[in-house]
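What the coordinates show
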Amino acid sequence: MFVKTGTALLFLLFSSATWAQSQLFLVGGSWKTCGSYGTSACTDETNWPDSAKQQNSYRVSAAALQQLQSLSLWKDSDTVLKAALLNVLQNFAKHYPNQIFAKEQFHDKLKGFAINVGDQSTNASKLLKTLPDHLYYPINDLLEAPSVDASGNFIREQASIEHTRHESSKLIYAGFMAALKKVTPEGQQPVVLISTASGYDVFAATDYYLNIFTQLGAKAIWLPVEATLAKLLDEGKCADLAQARADYVGVYNRQAVYPYLAEYQQQFCDAPEQLVSLAQQANGVFFNGGDQSLTWQSFVTAQDKDRPWLAALRDKFNAGQLVISGTSAGTAVQSGKPGTGEAGMITGGTSDGALLAGTEEKAPWIERVDPHATVRPVSYHSKGGLKFFPYGVLDTHFSERGRQLRLAKLVLASDARFGFGVDETTALVATPIDDNNALFEVVGQNGVYIVEQTAQSENSADKISYTSHYLVSGQKFELKQGKLQFPQGAFQPFKPELDEIVSDSDLTQKTEYRDLVEAQIAVAAQRSLSVFSNNQRQFAIALSFTEQSAIATSLSMDNISGYINAHVEARVSQAKE
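Residues numbered from 1 in each chain as written. Predicted model: local features only at pLDDT ≥ 70, side-chain atom pairs only at ≥ 80, totals over all residues. Heavy atoms only, no water.

1. Re unusual backbone geometry
In this structure, Ser30 is a non-glycine residue whose phi angle is positive, near 50°. Structurally, the position occupied by Ser30 is in the loop between strand E1 (23-27) and strand E2 (34-35). Of the residues examined, Ser30 reaches a relative accessible area of 28% and is grouped as partly exposed. Positive phi, normally seen in glycine, also occurs at His397, with a value near 45°. Judged by its relative accessible area of 8%, His397 falls in the buried class. (Helix = DSSP H or I, 4+ residues; strand = E, 2+ residues; numbered from the N terminus. Buried < 20%, exposed > 50% of the residue type's maximum accessible area, 1.4 Å probe, protein only.)

Listed below in structure tokens is the structure:
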């Protein structure tokens, strides 16, 4: 997979600040950056120019009404709803013919239009906001309009690194740009490709990410691949991307909302060799969040072969000339080790579902999650994703969504040796040497949880046990000849003062798992135990520190403690009456 050179020599060379090397900056999601569309990550003094998009725009046009009338998603049970909605929107169009409104203004106007659906009275705004899922998204898509100023110029979403309030996000960006500089020929501006393939709407975040990496000093270029485009190329036709997108991923009207991006993308569909040319120019590539199955389809064939543009990126990566970054799904998709099941790509599921229903091997096609399902097994693709990270399974939004046990179950049920769960606004920075050797560093807000499968690990229908580690921001470690090695000075032996602390917190939810372990470390308890009920079953989760355990000498930015060599045991039994 990588350039083969003596391992000892490579370790020496990787310590050089000027050594060109491929790296991965794997962010666990919520890479919080100030943006004009969502300002929660902005400092209070942030001001946006009129050219910055702050809301989506909407209108009720004759074309939209015609598309709504013929929409194939209406069910027989929607007859009354369809008639009432079309009637009120036609009335709205007469009052505001072809007028474009910002989202808030649009809904303010809609509130003035009463509507009766059967025996229920409401207004048009409330009705649109409470449509059933199979209608809500397509109807909102069809009513969305391009955002333009008074002169007809497109208003695009913007970002501001300067006004981002999260120092952890800036730290990750700085590390990425420093690594990018090393692989860029001297005197040249680094080229960063932006892949939005994880999104169902690949256009929505494109301007935002282009603006981020342009501000950072790169020449940012959109790599306009998506699952629909790849499917059409497989079929040898690119005549109607818009209709194909609606049919395949259920996203409508994007060519009307983002005509400048749709036109750009069409050029690459008509001449896909240009995608390879872009990949060959790249010094870095960024993969966005969303659904990793969509990214997989965009870059990998159904036969698990690299598409030409992925093959070109891999050539650069293997030559030490490419830095990869991803967030959320853009991180999860990087796993995979050719010819093995040692680094499968996780595609869904929950921790409680993992312990109750196990794992489910499935091809990474679009996963339609049943919102009413109470138990969701861990789904995964054993052949992996893009295969830039051969060291184990990658999971994201990790501690924040209580994903420790879902990752553990997948690692134990597969051929994986390790699983790496990356917290939000945190990056696992990997410097590959070969398939069994790599350098790692944790950068950002919190930490990276590692599941290690050993000879003593257990996996059955009602019990799992394994070794776990949690590394916090600033800590480094190595994989050397397939074994994890942690720096001695970064940890101190655990010295217990209490035998056990007990809880009834549901450790499969939110940050409850990490919170309990943090409380355990704070009081120096040998063991923490949480017993709780979930889905009419009783769970008992215990984490024990042993003679081999050690606690980090430093804390994360959120004052979370790291540790190594903790033993975890989880059992499921029938709930007591």
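2. Some words on the environment of Glu441
Positionally, Glu441 belongs in strand E19 (residues 437-444). Taking the relative accessible area as the measure of exposure, Glu441 reaches 26% and is therefore partly exposed. Sequence separation between Glu441 and Glu167 is 274 residues, and the spatial gap between their C-alpha atoms is 17 Å. With sequence-adjacent residues up to four places away left out, Glu441 is seen in contact with Ala427, Leu428, Val429, Gly474, Gln475 and Lys476. (Contact = heavy atoms within 4.5 Å.)

3. Some remarks on the nonpolar core
As a rule of thumb, soluble globular proteins bury nonpolar side chains together. Counting 59 residues, the largest nonpolar core has Leu193, Phe299, Phe389, Phe420, Leu428, Phe440 and Phe477 as the members making the most contacts within it. Element by element, the count of residues in this core is highest for helix H15 (residues 308-318), at 5 residues. Beyond its immediate chain neighbours, meaning those up to four positions away, Phe477 contacts Phe420, Leu428, Ala438, Leu439, Phe440, Val442, Ile450, Leu471, Leu484, Gln485, Phe486 and Pro487. Grouped together as the second largest cluster of nonpolar side chains are 40 residues, Ile346, Val393, Leu543 and Val572 included. (Core = buried A, V, L, I, M, F, W, Y, C linked by side-chain atoms within 4.5 Å.)

4. A few points about the packing of aromatic side chains
Overall, the coordinates contain 38 aromatic pairs when judged by the stated rule. Ring geometry for Phe154 against Tyr260: centres 4.9 Å apart, planes inclined by 50°, an arrangement best described as tilted. Of this pair, Phe154 sits in the loop between strand E7 (144-145) and strand E8 (159-160) while Tyr260 is found in helix H12 (residues 259-270), placing the two residues 106 residues apart along the sequence. On the basis of relative accessibility, which here comes to 34%, the residue Phe154 falls in the partly exposed class. On the basis of relative accessible area, Tyr260 is assigned to the buried category, the value being 17%. An aromatic cluster of three or more residues is present, and its members are Phe25, Trp31, Tyr173, Phe176, Tyr208, Tyr209, Phe213 and Phe286. Taking NZ or CZ as reference, Lys231 lies 5.4 Å from the ring centre of Tyr248, over its face. A cation sits over an aromatic face here: Arg314 above Phe388, 4.8 Å from the ring centre. (Phe/Tyr/Trp six-rings, centres within 6.5 Å; stacked < 30°, edge-to-face > 60°. Lys NZ or Arg CZ within 6 Å of the ring centre and 35° of its normal.)

5. Topic: the environment of Trp222
Relative to the helices and strands, Trp222 resides in strand E10 (residues 219-222). Its relative accessible area of 2% is what places Trp222 among the buried residues. Those residues in contact with Trp222, other than ones at most four positions away along the chain, are Ile194, Thr196, Val202, Phe203, Thr206, Leu210, Leu261, Tyr264, Gln265 and Leu278. Here Thr196 takes part through its side chain, which lies 3.0 Å from a polar atom of the side chain of Trp222. (Polar contact = N/O pair within 3.5 Å; in protein donor to acceptor, adjacent residues only side chain to side chain.)

6. As for the state of the cysteines
Evaluated as defined, the whole model comprises 2 disulfides. Sulfur-sulfur distance for the disulfide between Cys34 and Cys42 comes to 2.0 Å. Taking the torsion about the sulfur-sulfur bond, which here is approximately 95°, the covalent link between Cys34 and Cys42 counts as right-handed. Neither residue differs from the other here; Cys34 and Cys42 are each classed as buried. Sequence-ordered numbering of the bonded cysteines in the protein chain yields a pairing of 1-2, 3-4. (Disulfide = S-S within 2.5 Å.)

7. Topic: H12
Every α-helical turn comprises 3.6 residues, leaving residues that sit three or four positions apart pointing alike. Across its 12 residues, H12 extends 16 Å between first and last C-alpha, which sits within 8% of the 16 Å expected from 1.5 Å per residue. All of the buried residues in H12 are Tyr260, Leu261, Ala262, Gln265, Phe268 and Cys269. Of the surrounding elements, those touching the buried residues of H12 are helix H8 (206-215), E10, helix H9 (227-235), helix H10 (241-249), helix H11 (254-257) and helix H13 (273-281). (Expected span 1.5 Å × (residues − 1).)

8. With respect to the pattern of salt bridges
Scanning the model with the defined rule gives 23 salt bridges in all. Two residues, Glu235 and Lys237, come together in a salt bridge whose shortest N-O distance is 3.6 Å. Among the residues examined, Lys237 registers a relative accessible area of 47% and is labelled partly exposed. In this structure, the salt-bridge partner of Lys387 is Asp304, at a minimum N-O distance of 3.2 Å. Linking Lys387 in the loop between strand E15 (378-381) and strand E16 (393-395) with Asp304 in the loop between helix H14 (292-299) and H15, this pair joins segments that are 83 residues apart in sequence. Looking at Lys387, the relative accessible area reads 8%, which means it is buried. Judged by relative accessible area, which is 18%, Asp304 ranks as buried. (Salt bridge = Lys/Arg side-chain N within 4 Å of Asp/Glu carboxyl O.)

9. Some points on the sheet that holds E19
Sheet architecture is open: 9 strands sit in the order E10-E9-E11-E12-E1-E18-E19-E23-E24, paired in mixed fashion. Two strands close off the open sheet at either side, each with one partner strand: E10 and strand E24 (483-485). The average angle at which neighbouring strand axes cross in this sheet is 20°, direction not considered. Here strand E9 (residues 191-195) pairs with strand E11 (residues 284-287) via 4 bridges, running parallel. Counted as the bridge partner of Ser195 is Phe287 from E11. Sheet contacts for H8: E9, E10, E11 and strand E12 (323-327); angle to E10, the most-contacted strand, approximately 160°. (Pairing = 2+ DSSP bridges. Axes fitted to C-alpha atoms, helices over the stretch in contact; angles between N-to-C directions.)

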